[in-house]
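Observations on chain architecture
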Amino acid sequence: MAGRLSREAVARWNEAYAEQTAALFAAMRSASDDLAAVRRLALAYHAVAVAWRALSADLAVPLWARHASAVAAEEFMRRSQLEFSRADSGRRPGELT
């Protein structure tokens, strides 16, 4: 019988995802050159990726759930890297290089 995820891991995921959602909406409302909003979003995506990765390492859950968590971690890490790159380059959303 499969076990349950640790409460701490789930709580970290909930906190990270709540911040990511808030950061995303803040970035959508901010000026296109607000690099602080972009960096906040990048950090939030990174925190969600770390939380997904922790869930994917939990051996008490089914393999399919661990795999899905690992895939989610990769996607949020990719988004984090994109936003960090955008913040570092100072580009505005939608600008081409």
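Relevant structure appears above.
Presented here is an overview of the structure given in this document.

Time to look at the nonpolar core. Proteins that are soluble and globular tend to have nonpolar side chains buried together. Ranked by internal contacts, the top residues of the largest apolar core, which has 15 residues, are Val48, Trp52 and Phe76. Elements with a contribution of two residues or more to this core: helix 1 (7-29), helix 2 (35-56) and helix 3 (63-89). It is helix 2 that contributes the most residues to this core, eight residues altogether. Those residues within four positions of valine 48 in sequence are excluded, and the remaining contacts are Ala16, Tyr17, Gln20 and Phe76.

Moving on, we come to the packing of helix 2 against helix 3. The N-to-C vectors of helix 2 and helix 3 enclose an angle of 160°; their axes lie 7 Å apart at closest approach. The angle between helix 2 and helix 3 places the two elements in the roughly antiparallel class. The element helix 2 and its partner helix 3 pack so that their crossing is left-handed. Broken down by class, the residue content of the contact of helix 2 with helix 3 amounts to 17 nonpolar, four polar and seven charged.

On to helix 1, then. Over its 23 residues, helix 1 extends 33 Å from the first C-alpha to the last, a length consistent with the 33 Å expected when each residue adds 1.5 Å. Ala9, Ala16, Gln20 and Ala23 are the residues of helix 1 that are buried. Residues of helix 1 that are buried sit in contact with helix 2 and helix 3.

We now examine the packing of aromatic side chains. Under the defined criterion, the tally for this structure stands at four aromatic pairs. A centroid spacing of 4.8 Å and a plane angle of 15° characterise the contact between tryptophan 13 and tyrosine 17, whose relative ring orientation is stacked. In this pair, tryptophan 13 and tyrosine 17 are both assigned in helix 1, four residues apart and thus about one turn of the helix distant. Seen from their ring centres, tyrosine 17 and phenylalanine 76 are 6.0 Å apart, and the 65° between their planes marks the pair as edge-to-face. Of the two residues, tyrosine 17 sits in helix 1 while phenylalanine 76 sits in helix 3, which places them 59 residues apart along the sequence. For tyrosine 17, a relative accessible area of 32% puts it in the partly exposed group. Its guanidinium or amino end placed over the ring of phenylalanine 76, arginine 79 lies 5.4 Å from that ring's centre, counting from NZ or CZ.

Calculation notes
Residues numbered from 1 in each chain as written. Predicted model: local features only at pLDDT ≥ 70, side-chain atom pairs only at ≥ 80, totals over all residues. Heavy atoms only, no water. Core = buried A, V, L, I, M, F, W, Y, C linked by side-chain atoms within 4.5 Å. Buried < 20%, exposed > 50% of the residue type's maximum accessible area, 1.4 Å probe, protein only. Helix = DSSP H or I, 4+ residues; strand = E, 2+ residues; numbered from the N terminus. Contact = heavy atoms within 4.5 Å. Axes fitted to C-alpha atoms, helices over the stretch in contact; angles between N-to-C directions. Parallel < 35°, antiparallel > 145°, perpendicular 65-115°, else oblique. Left-handed = near helix turned anticlockwise from the far one by under 90°. Nonpolar A, V, L, I, M, F, W, Y, C, P; charged D, E, K, R; others polar. Expected span 1.5 Å × (residues − 1). Phe/Tyr/Trp six-rings, centres within 6.5 Å; stacked < 30°, edge-to-face > 60°. Lys NZ or Arg CZ within 6 Å of the ring centre and 35° of its normal.

Spatial relationships are all this shows, so hold off on functional conclusions.
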